[in-house]
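# Fold and geometry: a report
What follows is each chain in one-letter form.
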Amino acid sequence: MDSIRVIGGRPLSGEVAVHGAKNAVLKHMVAMLLAPGRYRLENVPGILDVDIMGEVLDHVGATCTRRESVVEVDVPESLNPEAPLELVRKMRASILILGALLARVGSARVALPGGDDFGSRPIGMHLDGLEQMGAVFELRHGVLEASAPNGLAGTDIFLEFPSVGATENLLLAAVLATGKTTIGNAAREPELADLASLLNQMGAKVDGAGTSTIEVMGVPSLSPADHKVVADRLVAGTYALAAAASGGEITVLGCDPGFLRMELRKMQAAGCDVERGDDWFSVTGPERPEPQDIATLPYPGFHTDMHPQMVAFLARATGTSLVTENVYAARFRYIGELNRMGADIQTDGQHVVVRGVEELSGCEVDGCDIRAAAALTIAGLAAEGETIVHDAEHIDRGYDGFVDTLRNLGADIDR
Ligand code: EPU
């Protein structure tokens, strides 16, 4: 087990160029299963989840080669349409092969993902939508056996909630279905719009991605394409909050600040000085933030994956903040760890009550998950003394060169 050691009290300062988005590249790799041939993805982050998706693709029969920020994928004519439990357990996004393989091969066997630290995380909306398109599912021994006896046919689907994964699974299935599919109440994430852009480069006919109604006219076949992955707004936002919490300043390059509209607005309201350009923004942190009320919501609302980092920032606010988690049933494990650092945070149902304290004090904490580990590092940057974030491997799932980046900004940090 690795740890991150950080000594707080040094304001960060400098520039960071943001790498491609984890939550885009993982889906792009799955989309490549839709047509045989050779693909090239640029701006790919060196993170663990990309390696795991590489293993999923290997298992299915494709070959992934990574050279620095480029991943090349060779997809053969014939595929093994399966994702076993060991891979789905490592990474839930593996279930996205369901839509792609049903569309390309007409069948798939995917282990059913269980719950995780964020709650039960069901996939009912993925399955309902695919069923409406003609898929049939049987759950046997923990494995979903999916088939489309008469192929997939376009239809009108309206999601109960704008689930990112359900929208993507349906989009991947719809591009090769016969006729027109409409996905209403669709997720509007920039990463999803980037997926649609790759699919259109491959010859798909997708309209409206990035809005809540996506229309897809099925085509008989697709062909390979090259693509540059959209910037990771969560990485951008995490470094911005790290700099702000340290009372420093940062310029984030290569990311449209519009992707973080709500997050930057809240930072500004908390007393940060924010400047925005076309594909950059800068943030200067206050001595102590002003308290904020925040509710996480699907895009373009405040992102749930920025919630723990924001709470770490608000832990030193001059008053009480209320953060309401609306996307996940349980995303609160990091709170006990922040309280060990002297924060005063309580939960009441889905509400997180953050009573700001003047000072945090470094100690040993448990990284819990990707964003929690990032949040605890942010708290460590703002705390007095030494913080050790254990289980730092979580960071490697979503941040390429996290510790080096913070060190280059002036943090006293190592792994
Ligand atoms: N949900 C259902 N039924 C469904 C699908 C979702 O109840 O059929 C619920 C989930 O249980 C959850 C909520 O809806 O409570 C949102 O789930 P969603 O499907 O939108 O999320 P996801 O596709 O599983 C992606 C990201 C997450 C991010 C969420 C929300 C990837 C690989 N993962 O997950 O990213 O938090 O969207 O924006 O894209 C992370 O990067 O750290 C991360 C967890």
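What follows concerns the overall build of the protein. On a plain count of helices and strands, the protein comes out with 14 helices and 24 strands. Over its C-alpha trace the protein gives a radius of gyration of 21 Å, about what one expects of a compact globule, namely 22 Å for 415 residues. The principal-axis extents of the C-alpha atoms in the protein amount to approximately 65 × 45 × 40 Å. When each of the 415 residues of the protein is scored for burial, the buried share is 56%. Partitioning the intrachain contacts of the protein with sequence separation of at least 6 by distance along the chain shows that 72% fall at a separation of at least 24. Here the protein displays about 15,600 Å² of accessible surface, and carbon together with sulfur accounts for 46% of that area.

At a closest axis distance of 9 Å, the pairing of helix 1 (residues 22-31) and helix 7 (residues 190-201) adopts a crossing angle of 30°. In terms of axis orientation, helix 1 runs roughly parallel to helix 7. Between helix 1 and helix 7 lies a crossing of right-handed hand. Within the contact between the two elements, helix 1 uses N23, A24, K27, H28 and A31 and helix 7 uses E191, D194, L195, L198 and L199. A per-class count over the contact of helix 1 with helix 7 returns five nonpolar, two polar and three charged.

A few words now on the sheet that holds strand 18 (residues 293-295). A sheet is described by the order of its strands in space; here four strands give the open sequence 18-19-21-20, paired in mixed fashion. Looking at the sheet topology across the chains shown, the edges are occupied by strand 18 and strand 20 (344-348). Averaged over all pairs of adjacent strands, the angle between strand axes in this sheet comes to 15°, irrespective of strand direction. As defined by bridge partners, strand 20 adjoins strand 21 (residues 351-355) across five bridges and the pair is classed as antiparallel. Note on strand 21: the bridge partner recorded for Q346 is V353. Most of the contacts of helix 11 (residues 333-340) go to strand 20, to which it runs at about 155°, and overall it touches strand 20 and strand 21.

Here the focus is the site of the ligand. Residues in close proximity to the ligand total 22 residues, the closest being K27, M125, S163, V327 and Y328. At 3.0 Å, a side-chain N or O of N23 approaches an oxygen atom of the ligand. Within the complex, 84% of the 840 Å² of free accessible area of the ligand lies under protein. If you list the elements that add at least two residues to the shell around the ligand, you get helix 1, helix 5 (124-132), helix 6 (164-174) and helix 12 (370-382). Broken down by class, the residue content of the shell around the ligand amounts to 10 nonpolar, seven polar and five charged. Shared between two domains, the shell around the ligand takes at least three residues from each, and those domains are domain 1 (3-18 + 231-414) and domain 2 (22-228).

A few words now on the packing of aromatic side chains. If you walk through the whole model with that rule in mind, you get three aromatic pairs. For the ring pair F118 and Y328, a centre distance of 4.7 Å and an interplane angle of 50° mean the geometry is tilted. With F118 in the loop between strand 7 (107-111) and helix 5 and Y328 in the loop between strand 19 (320-324) and helix 11, the pair connects residues that are 210 residues apart, well separated along the chain. One exposure class covers both F118 and Y328, and it is buried. Counting every residue linked through ring pairs, the aromatic cluster contains Y239, Y399 and F402.

A common way to report how large an interface is uses the accessible area buried once the components associate. For the protein, the domain assignment lists domain 1 (3-18 + 231-414) and domain 2 (22-228). With centres defined by C-alpha atoms, the gap from domain 1 to domain 2 works out at 30 Å. Domain 1 puts 23 residues into the contact, and the matching count from domain 2 is 20 residues. Contact with domain 2 buries surface across domain 1, with Y299, Y328 and R397 losing the most and accounting together for 31% of the total. Taken together, domain 1 and domain 2 are joined by two salt bridges. Residue R397 is joined to D49 by a salt bridge in which the shortest nitrogen-to-oxygen separation is 2.7 Å. Scanning the region where domain 1 abuts domain 2 turns up nine residue pairs in polar contact (both at pLDDT 80 or more). When contributions to the side of domain 1 that touches domain 2 are tallied by element, the ones reaching two or more residues are helix 8 (233-245) and helix 12. By residue class, the composition of the side of domain 1 that touches domain 2 is 12 nonpolar, one polar and 10 charged.

A separate point is the sheet that holds strand 15 (residues 249-253). Spatially, 2-15-17-16 is the arrangement adopted by the four strands of the open sheet, whose pairing is mixed. What marks the edges here is a single partner per strand, and that holds for strand 2 (13-17) and strand 16 (273-276). Here the strands of the sheet are splayed against their neighbours by 15° on average, with no regard to which way each runs. In this fold helix 8 packs onto strand 2, strand 15 and strand 17 (280-284), with an angle of close to 170° to the strand it touches most, strand 15. Most of the contacts of helix 9 (residues 261-269) go to strand 16, to which it runs at about 145°, and overall it touches strand 16 and strand 17.

Think of two packed helices as two axes; the pair is described by the angle between the axes and how far apart they sit. Running from N to C, helix 8 and helix 12 cross one another at 20°; their axes reach a closest spacing of 8 Å. Here helix 12 runs roughly parallel to helix 8, going by the angle between their axes. Considering only the axes of helix 8 and helix 12, their crossing is right-handed. Within the contact between the two elements, helix 8 uses L234, T238, L241, A242 and A245 and helix 12 uses R371, A374, I378, L381 and A382. Partitioning the contact of helix 8 with helix 12 into residue classes produces eight nonpolar, one polar and one charged.

Rules used in this analysis
Along every chain, residues carry numbers that run from 1 in the direction the sequence is written. Given that the model is predicted, a residue must reach a pLDDT of at least 70 before its local features are reported, and side-chain atom pairs must reach 80 or more before they are shown or counted; all residues, however, enter totals for whole chains, interfaces and linings. Calculation of side-chain values draws on the structure's entire complement of heavy atoms; hydrogens and water are dropped beforehand. Segments assigned H or I by DSSP are reported as helices when at least four residues long, segments assigned E as strands when at least two residues long, and all are numbered from the N terminus. For the radius of gyration, the atom set is restricted to C-alpha positions; the globular benchmark scales as 2.2 Å times the number of residues to the power 0.38. Here's how the labels work: a residue is buried when its accessible area is under 20% of the maximum for its type, exposed when over 50%, partly exposed in between, all with a 1.4 Å probe on protein chains only. Residues count as neighbours in contact if any of their non-hydrogen atoms are within 4.5 Å of one another. We get accessible surface area from the Shrake-Rupley algorithm with a probe of 1.4 Å; when it comes to residues, only the shown protein chains can shield them. Angular values range over 0 to 180 degrees, each being the angle between N-to-C directions of two axes fitted as lines to C-alpha atoms, with helices fitted over their stretch in contact. Each angle receives one of four descriptions, namely roughly parallel if under 35 degrees, roughly antiparallel if over 145, roughly perpendicular if within 65 to 115, and oblique otherwise. Helix crossings are classified by the rotation of the near helix relative to the far one: an anticlockwise turn of less than a right angle makes the crossing left-handed, while a clockwise turn makes it right-handed. Charged means Asp, Glu, Lys or Arg here, nonpolar means Ala, Val, Leu, Ile, Met, Phe, Trp, Tyr, Cys or Pro, and polar covers whatever is left, Gly included. One bridge is not enough; two strands pair if DSSP finds at least two bridges between them. Only heavy atoms are used to decide nearness, and a residue is near a molecule or strand if one of them lies within 4 Å of it. Contacts described as polar in this section are N or O atom pairs within 3.5 Å, which, within protein, must combine one atom able to donate a hydrogen with one able to accept it, while residues neighboring in sequence count only if both atoms come from side chains. Domain extents, as shown, originate in an automatic or database domain assignment. Pairing of aromatic side chains requires ring centres within 6.5 Å, counting the rings of Phe and Tyr and the six-membered ring of Trp. Pairs whose planes differ by under 30 degrees are stacked, by over 60 edge-to-face, and all others tilted. Joining two parts hides part of their accessible area as seen by a 1.4 Å probe, and the buried area is that hidden amount summed over both. Salt bridges are defined by distance alone: a side-chain nitrogen of Lys or Arg within 4 Å of a carboxyl oxygen of Asp or Glu.

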